[in-house]
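Chain by chain, the residues:
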Amino acid sequence: MSYQCPLCHQPLTLTEKQWRCPKNHQFDNAKEGYVNLMPVQHKRSKQPGDSPEMMVSRRNFLDGGHYQPLRDRIAELLDDVLSVKADALLDIGCGEGYYTTAVATRLMQNRAMTVFGLDVAKVAIRNAAKRYHNAKFCVASSHRLPFAAQSLDAVLRIYAPCKAEELFRALKPGGLVLTVAPGPRHLYQLKARIYSDVQLHEELDEQLEGFERIRSENLAYPMMLSGEQAFDLLQMTPFAWRATEEIGAVLKDEGSFFCETDFIIRLHQRKSEDEPTAVSTDIA
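Cut-off values and rules
- Residues numbered from 1 in each chain as written.
- Predicted model: local features only at pLDDT ≥ 70, side-chain atom pairs only at ≥ 80, totals over all residues.
- Heavy atoms only, no water.
- Helix = DSSP H or I, 4+ residues; strand = E, 2+ residues; numbered from the N terminus.
- Rg over C-alpha atoms; globule rule 2.2 N^0.38 Å.
- Buried < 20%, exposed > 50% of the residue type's maximum accessible area, 1.4 Å probe, protein only.
- Contact = heavy atoms within 4.5 Å.
- Areas by Shrake-Rupley, 256 points an atom, 1.4 Å probe, with all protein chains shown as cover.
- Lys, Arg positive; Asp, Glu negative; His and termini not counted.
- Charge placed at Lys NZ, Arg CZ, Asp CG, Glu CD.
- Phe/Tyr/Trp six-rings, centres within 6.5 Å; stacked < 30°, edge-to-face > 60°.
- Lys NZ or Arg CZ within 6 Å of the ring centre and 35° of its normal.
- Expected span 1.5 Å × (residues − 1).
- Axes fitted to C-alpha atoms, helices over the stretch in contact; angles between N-to-C directions.
- Parallel < 35°, antiparallel > 145°, perpendicular 65-115°, else oblique.
- Left-handed = near helix turned anticlockwise from the far one by under 90°.
- Nonpolar A, V, L, I, M, F, W, Y, C, P; charged D, E, K, R; others polar.
- Pairing = 2+ DSSP bridges.
- Core = buried A, V, L, I, M, F, W, Y, C linked by side-chain atoms within 4.5 Å.

### Observations concerning the overall build of the chain
Item 1. Check the secondary structure of the chain and you find 8 helices and 11 strands.
Item 2. A globule of 284 residues ought to have a C-alpha radius of gyration of about 19 Å, and the chain, at 19 Å, matches this closely.
Item 3. Taken over the C-alpha atoms alone, the chain extends approximately 55 × 45 × 35 Å along its principal axes.
Item 4. A burial count over the chain gives 51% of its 284 residues as buried.
Item 5. By sequence separation, contacts in the chain at least 24 residues apart represent 70% of the contacts at least 6 residues apart.
Item 6. When the accessible surface of the chain is totalled, it reaches about 13,900 Å², and 48% of it is carbon and sulfur.
Item 7. On the chain, the mean spot of the 34 positive side-chain charges and the mean spot of the 37 negative ones are 7 Å from each other.

### What about the packing of aromatic side chains?
Item 1. This structure, assessed with the given rule, holds 10 aromatic pairs.
Item 2. For the ring pair tyrosine 3 and phenylalanine 147, a centre distance of 5.6 Å and an interplane angle of 45 degrees mean the geometry is tilted. Separated by 144 residues along the polypeptide, tyrosine 3 in the segment before strand E1 (13-15) and phenylalanine 147 in the loop between strand E7 (136-139) and strand E8 (152-158) bring together distant segments of the chain.
Item 3. Relative accessible area serves as the criterion here: at 0%, phenylalanine 147 is assigned to the buried category.
Item 4. With centroids separated by 5.0 Å and ring planes inclined at 85 degrees, the aromatic side chains of tyrosine 98 and tyrosine 99 adopt a geometry described as edge-to-face. This pair shows no difference in class: tyrosine 98 is buried, exactly as tyrosine 99 is.
Item 5. Counting every residue linked through ring pairs, the aromatic cluster contains Tyr3, Trp19, Phe116 and Phe147.
Item 6. The aromatic ring of tyrosine 188 is capped on one face by arginine 185, whose charged end is 4.5 Å from the ring centroid.
Item 7. For arginine 270, the ring lying beneath its charged end belongs to phenylalanine 168, and the centroid distance is 3.7 Å.

### Brief notes about helix H2 (residues 68-81)
Item 1. Here H2 spans 20 Å end to end across 14 residues, near enough to the 20 Å set by a 1.5 Å rise per residue.
Item 2. Turning to H2, its buried residues are Leu70, Arg71, Arg73, Ile74, Ala75, Leu77, Leu78, Asp79 and Val81.
Item 3. Tucked into the core, H2 has its buried residues touching strand E5 (88-92), helix H3 (98-107), E8, strand E9 (171-182), strand E10 (211-225) and strand E11 (257-270).

### Some words on the packing of helix H1 (residues 52-63) against helix H7 (residues 227-235)
Working note: a packed helix pair is described by the angle between its axes plus the distance between those axes.
Item 1. At a closest axis distance of 8 Å, the pairing of H1 and H7 adopts a crossing angle of 130 degrees. Here H1 lies oblique to H7, going by the angle between them. Helix-helix and strand crossings are classified by hand; for H1 and H7 the assignment is left-handed. The segment H1 lies against H7, with Met54, Ser57, Asn60 and Phe61 engaging Gln229, Asp232, Leu233 and Gln235.
Item 2. Considering only residue class, the contact of H1 with H7 consists of 3 nonpolar, 4 polar and 1 charged.

### Some remarks on the sheet that holds strand E2 (residues 18-20)
Item 1. One open sheet holds the 3 strands; their spatial order is E1-E2-E3, and the pairing between them is antiparallel. A single partner strand is all that each edge strand has here, and the edge strands are E1 and strand E3 (26-28). Adjacent strand axes in the sheet meet at a mean angle of 30 degrees, parallel and antiparallel pairs treated alike.
Item 2. The pairing of E2 with E3 spans 3 bridges and is classified as antiparallel. Opposite tryptophan 19, over in E3, you have phenylalanine 27 as the bridge partner.

### Brief notes about the nonpolar core
Item 1. Formed by 55 residues in total, the largest nonpolar core has its most connected members in Tyr67, Ile74 and Leu233.
Item 2. With 6 residues, the single largest contributor to this core is H2.
Item 3. For leucine 233, the contacting residues outside a window of four places in its chain are Phe61, Tyr67, Leu187, Leu190, Met223, Leu225 and Cys259.
Item 4. If you look at the next biggest cluster of nonpolar residues, it comprises 29 residues, including Tyr3, Cys138, Leu171 and Leu208.

### What about the environment of tyrosine 67?
Item 1. Within the element layout of this structure, tyrosine 67 appears in the loop between H1 and H2.
Item 2. The buried category is assigned to tyrosine 67, whose relative accessible area is 5%.

### Examining the side chain of histidine 66
Item 1. Note that histidine 66 resides in the loop between H1 and H2.
Item 2. Classification of histidine 66 as buried rests on a relative accessible area of 14%.
Item 3. If near-sequence neighbours (up to four positions away) are discounted, histidine 66 is found in contact with Phe61, Tyr221, Met223, Leu225 and Gln229.

### Section: the sheet that holds E11
Item 1. With mixed pairing, 8 strands are arranged side by side in an open sheet as E4-E7-E6-E5-E8-E9-E11-E10. Of all strands in the sheet, those with a lone pairing partner are strand E4 (35-36) and E10, marking the two edges.
Item 2. Where E8 meets E9, 6 bridges bridge the pair, whose relative direction is parallel. Opposite arginine 157, over in E9, you have threonine 179 as the bridge partner.
Item 3. Docked against the sheet, helix H4 (residues 122-131) engages E4, strand E6 (114-119) and E7, running at close to 165 degrees with respect to E7.

Here is the structure:
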């Protein structure tokens, strides 16, 4: 399978260094190997997505292995539930590809599968494509997925927003959506440095229209970080917008910083149009 044009929704074909649809809309394939499928009229800002500074902090933190238990569990779950005949998975909001490449490595051991990574931030996708070569990366909107109807076997969505109807459109009947959301105590100690009256995360019982939730589990573990690592963690979270420069400087000077993780992992299955439910027999 391949991409579809974000303007006319016709299939795109790669010829030399350009993606082109039957209506002659053209999109250059960058030298790093990714394609930008975000037309100017679809942008909400000049440079949507994370800033280069946020991306660098996220890469530094993730390279430290602090979220590796989450990455490993995601790859394991997807490997367990996906058929050996599954051939296409999309990581929405993939950033610089930390989870994308691990999932691709695991799933491609027993499947002829293509793994796609999508993000609105061009700087993140450029770096993902330069670093990882076992997945295909594109700049695109999560609200307008550049994939044909019923073309994907699974979608990975870690925090990233996406409309349920768009997920339903792009996934095959019985296709899977694996989501990750923050649990009540996720990064509680980091929040306490920013808010005088720190609150637990609200645990939303997310239901995706057109899908049945068939699995839910929590993953929580402690982290002991250096000051630099704690600062990188702050910079890659939405809390960075509320933190003062003084808070960041104090955090960076810490000798060590204890922080909790608390992730909620949910698996949703797309219902068939002609059936009220579609539960996979592969899931215990």
